[in-house]
Amino acid sequence: MGQVSWKGLFLSLFDYKTEKYVIAKNKKVGILYRVVQLSILAYLVGWVFVVKKGYQDTDTSLQSSVITKLKGVAFTNTSELGERLWDVADYVIPPQGENVFFVMTNLIVTPNQRQTTCPESVSIPDALCDEDEDCPAGQAVVAGNGVKTGRCLRDRDSIRGSCEVLAWCPVEKRSKPKKPLLASAENLTVFIKNSIRFPKFKFSKMNVLATNNESYLKSCHYSTEHPYCPIFLLGNIVRWAGNDFQEMALEGGVIGIQIEWNCDLDKAPSECNPHYSFSRLDNKFAEKSVSSGYNFRFAKYYRDAEGTEYRTLFKAYGIRFDVMVNGKAGKFNIIPTVINIGSGLALMGAGAFFCDLVLLYLIKKSNFYRGKKYEEVKSSSRKSLTSPTLNGSQSPEQLDRL
Amino acid sequence: MGQVSWKGLFLSLFDYKTEKYVIAKNKKVGILYRVVQLSILAYLVGWVFVVKKGYQDTDTSLQSSVITKLKGVAFTNTSELGERLWDVADYVIPPQGENVFFVMTNLIVTPNQRQTTCPESVSIPDALCDEDEDCPAGQAVVAGNGVKTGRCLRDRDSIRGSCEVLAWCPVEKRSKPKKPLLASAENLTVFIKNSIRFPKFKFSKMNVLATNNESYLKSCHYSTEHPYCPIFLLGNIVRWAGNDFQEMALEGGVIGIQIEWNCDLDKAPSECNPHYSFSRLDNKFAEKSVSSGYNFRFAKYYRDAEGTEYRTLFKAYGIRFDVMVNGKAGKFNIIPTVINIGSGLALMGAGAFFCDLVLLYLIKKSNFYRGKKYEEVKSSSRKSLTSPTLNGSQSPEQLDRL
Amino acid sequence: MGQVSWKGLFLSLFDYKTEKYVIAKNKKVGILYRVVQLSILAYLVGWVFVVKKGYQDTDTSLQSSVITKLKGVAFTNTSELGERLWDVADYVIPPQGENVFFVMTNLIVTPNQRQTTCPESVSIPDALCDEDEDCPAGQAVVAGNGVKTGRCLRDRDSIRGSCEVLAWCPVEKRSKPKKPLLASAENLTVFIKNSIRFPKFKFSKMNVLATNNESYLKSCHYSTEHPYCPIFLLGNIVRWAGNDFQEMALEGGVIGIQIEWNCDLDKAPSECNPHYSFSRLDNKFAEKSVSSGYNFRFAKYYRDAEGTEYRTLFKAYGIRFDVMVNGKAGKFNIIPTVINIGSGLALMGAGAFFCDLVLLYLIKKSNFYRGKKYEEVKSSSRKSLTSPTLNGSQSPEQLDRL
């Protein structure tokens, strides 16, 4: 007999159990439920799957390598420097062609600086003095160029003087330039080579067209007509970022070149193309604030015949270009698909729950339906007879089903 | 009585309601349902949880700091430069040891350039001329080195001449080198120190072994036998990237050193180790295209006794190494676990729906089961008596259940 | 009649079908179910939605641009270099102000190096020799400065000599400095400008306060009282990273400046503020290991009157600062909300399944409830009469429901 019961148990494993439904012939709730179902279905198919591509696994952490190369020369003729030609080795810093590069457009040159003593610039408040006591020896000038020696230097006819400092002398003059020196940097071109890789999908691509037409890559310039040409006119980049090149060249700035790879890897690799956008990064909030403009100082060091070091200090204004690459690749994957379908189905359950509420509490004959949906069973301890009591007079228990 | 009803309502809150099921003694559908259930379970456990670690929260945005340090010297003996030894300060650009570094392997040197006038290189098409009119003064030479002065310079016996330009003179000769100058750069080593941090899990690690054995780190070289030694031979890196060092040294190139951290933080931290891979980044598509190779120009500036500036222009060919770090860390988290279990359960609901379809429409006795599953109730407005009608003759309503 | 049946079918589409429930008047299981429900609800609301913001879509791949600018001078007075003032152009490498910058704090200078032959440093094991045979010509010294010429140079009174090498001579002396040269670099300040953008939400922000008060930005220093001032004292940064500046200045190191943007874009943009943290990146594991400290070599090249190149080699010790920006932005999105609600509801189903198990197998009257929940139907092929058999004597089939 034990064997029989085990066999029965095993066989019953393969009985199919299906939920029992009550059909409420109520068209209002029926239509409501259909509407809810269709809405969820439309949301699931239209928004989650078509628009948001919810069936795809996405990779947003891409590896990217950027090579930049500038081309062009600029000619200047100033009283200070005379006729001078600037080529790539002169105006690009650093020269290596990485993803961040700086093009010098303006310059304050302070030549022949040597380590000695000289008067500090009078434009620095902390260096102003009336007598030697105002210049305690050994104290660094706040926001200045050197260390005070203890002497106050004064021109014959001026009332206030400035402290003598030990510094690279003569110190830099604080005169902001009136117009950009290398105004013609507008016509320089930059070739941006970007190769990316989505490690999750092992997918690589480059922004340079796989073309046999070499001359195209030598002559084209990026524009809306040539969206896949990786050669950019600096002037255009600045204009597309919403700025005026000449104005920006004067005090410098930072331009972001965003390269966006938004790839649907379920399609052909040739449809995965970069999209370029340009924006100014430095002065979002204030026109004339301390945070606008871009400049830095560097020096070239020389030795004279006696071996003494001297240098030329450059305060370089210019435009820094940050090539920033970001991207997203999506590819069909069963897990997000299942998650989205699953949660969509669960949402249907919530819809059914909502319609149940309407059916059981909000319509006229709700009492009747409540009795049909819920079948009360009670096992009295006195009598073991099992009487399923189906009645229509129950308290509102549906509310607490969830 | 109101009190009684409220009490009843409260008590009924703790009645347990359970769905009523119909047992269909149909082994075919029963087995089908079991198979569907097992498939979903296997998918959930095997794929989602074991393979894809669906119970883990992942962090893919890691912070990384890379320090690189090259070691070694290279000796060259050329007619131009004589015997010369190159050390780290000579061939590494920039010297700081960041995540992108360039090792010079070839060089075109143009010494003693000064700002003056000279003939433009005859290899530039735009500079060729027959007479002075071909060289409008002030016009920059396209893809050239300077600005035309208006004169056409011609050798006595040649037919065509080239425009005179204001430039850094003499201009660079466009002769591509035949063999790499620093061929022995193959034997240089680079020490790559990489420390990472997953901010979401506050987990930090370094690629340098926490060993007390200092001499190991001074003598080891990365290879399959020493997977955790962070010292690499440049020649090996290039070979592992599928290239020939000598060939690549000639015209330069870019090698990506990918460091991948794929960490399961549910395990011990010592099992979170970097994995290195190497690939060439510059010429994916074309062997001889404009986009292959890597070179840039830089100059060293000098002053002569009179203070006039002159420079030596270098066109440096070489290999740029981009150390790119990416990683993913996973750690148990209740939310993705619940999402995955939840959507797995919802999927079971979809499986039950599919089996219902089979039971109610596709098998022989589907009509009978349809009647059992659905219990039609109709409240006629004429008679208020409630008669549950269980019958087996319904229209196919199951299809529209979902 | 076909028409009638199609119409019936169509109308039946709008019948509402609702699951039939059995009310088990068992308070124990009822209370258990309520507790399970409340736990799930609390988890869903409290943890998933309030703490983890599960209703938000997140973007962790941000675009970031960093501009750094150092200010200040340092004065040194050593026997080697005499009185010397160091300004920004001297001690910052590279000068451009990118997100990684190096401040020199210590220095080994080897002036007037020329390409010639000289004895290799005796501190290099591979260069020690007793006779000329120990120095095979043309072999590079391992971890040394040049290529052996084949001669062994010995001082008169010393037993062992060192090989003569072709190198930049004289070679660098391997004397580690005792105290940092630019100890006063502690008082330098760095201005860090960081502008970020979350591409998914098209949200941009800068870490510089949008204030009209320019003087605030000129005088403030970052501290707990001024959390939004972007100007940092180097000494403070190192201290906050848990290190002593003077100690670190001696042998160098790498400090990470993490800027974290954790933005809830459902709130006002002004509540999205950066959070700074500081950590040392180079010597996590070993105090005196090969991997601690940070230094690199670079050279300044000069030409003498005859045009021969010579150089000054610098071994620069110092602190590299890596500004690392990471961030996360969250914004309400319907998809993760639905996924989380959906999986929460599915979890409720799992809770109901668990309570079913208790009801049907673990309590005293489980047999009775089992009979109520499952309604066995069997279509015997002999008689077509449909008799729903509701009885209480079934085998434990509930276990295999899921």
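The UniProt entry for chain A carries this comment under Function (unreviewed entry): "Receptor for ATP that acts as a ligand-gated ion channel." Entered under Subunit (unreviewed entry) in the UniProt record, the comment concerning chain A runs "Functional P2XRs are organized as homomeric and heteromeric trimers. Homotrimer. Forms heterotrimer with P2RX1."

Draft legend 1. A look at the pairing of strand β12 (residues 189–198) of chain B. Residue and element names in this part refer to chain B. Burial within β12 is extensive, with nine of its ten residues counted as buried. Pairing geometry for strand β4 (residues 63–71) and β12, over nine bridges, is antiparallel. Counterpart to Gln-63 in the pairing with β12 is Arg-197. Sheet topology note: the β12/strand β13 (residues 203–206) ladder contains four bridges and is antiparallel. Across the sheet, Ile-196 pairs through a bridge with Lys-205, a residue of β13. Connecting the antiparallel pair β12 and β13 is a turn made up of four residues, with Lys-202 showing a positive phi of about 50°.

Draft legend 2. Local environment of the interface of chain C and chain B. Taken together, the contact between chain C and chain B spans 90 residues of the former and 69 residues of the latter. Roughly 7500 Å² is buried in total at the junction of chain C and chain B, and carbon and sulfur atoms are behind 59% of that figure. Put simply, chain C and chain B have six salt bridges between them. If you look at where chain C meets chain B, you find 28 residue pairs in polar contact (both at pLDDT 80 or more). In terms of residue count, helix α7 (residues 334–362) of chain C provides more of the side of chain C that touches chain B than any other element does, ten residues in total. The class makeup of the residues in the side of chain C that touches chain B is 44 nonpolar, 20 polar and 26 charged.

Draft legend 3. Representation of the relation of the copies chain C and chain A within the structure. Superposing chain C onto chain A requires a rotation of 120° together with a translation of 0.0 Å along the rotation axis, leaving an RMSD of 0.1 Å. Given the turn and translation reported, the copies of this chain are related as if by a three-fold rotation axis. Taking C-alpha positions as the reference, the residue of chain C nearest the rotation axis is C:Lys20, at 3.2 Å.

Draft legend 4. Local environment of the sheet that holds strand β1 (residues 16–19) of chain A. Sheet architecture is open: three strands sit in the order β1(A)-β2(B)-β19(C), paired in mixed fashion. The sheet is open, and its two edges are formed by β1 of chain A together with β19 (374–377) of chain C, each paired on a single side. This sheet shows a mean twist of 30° between the axes of neighbouring strands, independent of strand direction. Sheet analysis places strand β2 (residues 21–24) of chain B next to β19(C), joined by four bridges and oriented parallel. Across the sheet, residue B:Ile23 finds its bridge partner in β19(C), namely C:Glu376.

Draft legend 5. How the structure looks around the nonpolar core. In terms of nonpolar packing, the biggest core is built from 81 residues, with A:Leu359, A:Tyr369, B:Leu359, B:Tyr369, C:Leu359 and C:Tyr369 touching the most fellow members. If sequence neighbours within four positions are ignored, B:Leu359 has contacts with A:Tyr16, A:Thr18, B:Ala24, B:Asn26, B:Val29, B:Ser366 and B:Tyr369.

Draft legend 6. Spotlight on a negative patch on the surface. A cluster of like negative charges, contributed by A:Glu131, A:Asp132, A:Glu133 and A:Asp134, occupies part of the molecular surface. A:Asp132 sits in the partly exposed class, given a relative accessible area of 38%.

Draft legend 7. A look at the packing of aromatic side chains. Residue and element names in this part refer to chain A. Inspection of the entire model under this criterion finds 63 aromatic pairs over all chains. Here the aromatic rings of Phe-232 and Tyr-276 are separated by 5.1 Å at their centres, their planes lie at 70°, and the arrangement is edge-to-face. Within this pair, whereas Phe-232 is found in strand β14 (residues 231–233), its partner Tyr-276 is found in strand β16 (residues 274–280), the two being separated by 44 residues in sequence. For the pair Phe-232 and Tyr-276, a shared accessibility class is recorded, and that class is buried.

Analysis parameters
Residues numbered from 1 in each chain as written. Chains lettered and ligands numbered in written order. Predicted model: local features only at pLDDT ≥ 70, side-chain atom pairs only at ≥ 80, totals over all residues. Heavy atoms only, no water. UniProt positions renumbered as here; feature names shortened; annotations may be inferred. Buried < 20%, exposed > 50% of the residue type's maximum accessible area, 1.4 Å probe, protein only. Helix = DSSP H or I, 4+ residues; strand = E, 2+ residues; numbered from the N terminus. Pairing = 2+ DSSP bridges. Contact = heavy atoms within 4.5 Å. Buried area = accessible area lost by both parts, 1.4 Å probe. Salt bridge = Lys/Arg side-chain N within 4 Å of Asp/Glu carboxyl O. Polar contact = N/O pair within 3.5 Å; in protein donor to acceptor, adjacent residues only side chain to side chain. Nonpolar A, V, L, I, M, F, W, Y, C, P; charged D, E, K, R; others polar. Least-squares fit on C-alpha atoms with pLDDT ≥ 70 in both. Axes fitted to C-alpha atoms, helices over the stretch in contact; angles between N-to-C directions. Core = buried A, V, L, I, M, F, W, Y, C linked by side-chain atoms within 4.5 Å. Patch = residues over 30% accessible without salt bridge, like charges linked within 9 Å, V, L, I, M, F, W, Y side chains within 5 Å. Areas by Shrake-Rupley, 256 points an atom, 1.4 Å probe, with all protein chains shown as cover. Lys, Arg positive; Asp, Glu negative; His and termini not counted. Charge placed at Lys NZ, Arg CZ, Asp CG, Glu CD. Phe/Tyr/Trp six-rings, centres within 6.5 Å; stacked < 30°, edge-to-face > 60°.

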